[in-house]
Amino acid sequence: MEKNMIGKYLRDLRRRRGMSQQELALALGVSKQTISNWEVGRKVPRMKAVEKIANIFGVSRNSVLAGLPVEMLVQEGQEDRRVVDLTDHDIRLTYLGQQVPREYIDIIEKLMRCDIAERDAQ
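Residues numbered from 1 in each chain as written. Predicted model: local features only at pLDDT ≥ 70, side-chain atom pairs only at ≥ 80, totals over all residues. Heavy atoms only, no water.

Colleague: Explanation requested: the pattern of salt bridges in the structure shown.
Modeller: Think of it this way: side chains of opposite charge can pair up when their charged atoms draw near. The tally for this structure, following the rule as stated, stands at four salt bridges. The closest approach of N and O atoms between Arg-14 and Glu-39, which form a salt bridge, is 2.6 Å. With Arg-14 in helix H1 (residues 5-16) and Glu-39 in helix H3 (residues 32-40), this pair connects stretches of sequence that are 25 residues apart. For Arg-14, a relative accessible area of 7% gives the class buried. Residue classification places Glu-39 among the buried positions, given a relative accessible area of 4%. Arg-102 serves as the salt-bridge partner of Asp-106, at 3.0 Å between the closest nitrogen and oxygen. Of this pair, Asp-106 and Arg-102 both sit in helix H7 (residues 102-121), four residues apart, which is roughly one turn of that helix. Via salt bridges that share partners, Arg-102, Asp-106 and Glu-109 belong to a single interconnected network. (Salt bridge = Lys/Arg side-chain N within 4 Å of Asp/Glu carboxyl O. Helix = DSSP H or I, 4+ residues; strand = E, 2+ residues; numbered from the N terminus. Buried < 20%, exposed > 50% of the residue type's maximum accessible area, 1.4 Å probe, protein only.)

What is shown is where atoms sit, not what they do.
Here it is as structure tokens:
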């Protein structure tokens with residue numbers, strides 16, 4: 001798995017929009033250094049920032065978290081029907097033959113908790 005997919009995707013979104021790191025930082029209410037840290041993979045954005053990023057660029061939260069355009073997340077006819085519970089820490093998740101880093105699984109779990117809380121509140 002390619003490291004820093006979120007940061008690279010964020011940089012691509014920002015550049016396509018013609019935004020500087022400073023402009024994006026102002027829009028998100030963070031520092032320019034924070035944007036730089038995300039883009040080079042030193043840090044990853046928290047869920048509230050992911051939500052804001054998704055809104056600014058008109059993409060889904062899942063797309064931001066995966067570091068891929070949404071159309072690449074689910075390709076028709078290629079869905080894997082196997083079920084894995086992310087809370088089972090004894091399993092090893094892989095993607096394209098590479099182990100999924102624990103930090104990515106943590107991000108997915110946070111996203112799921114957020115979505116469940118939103119549905120419960122409705």
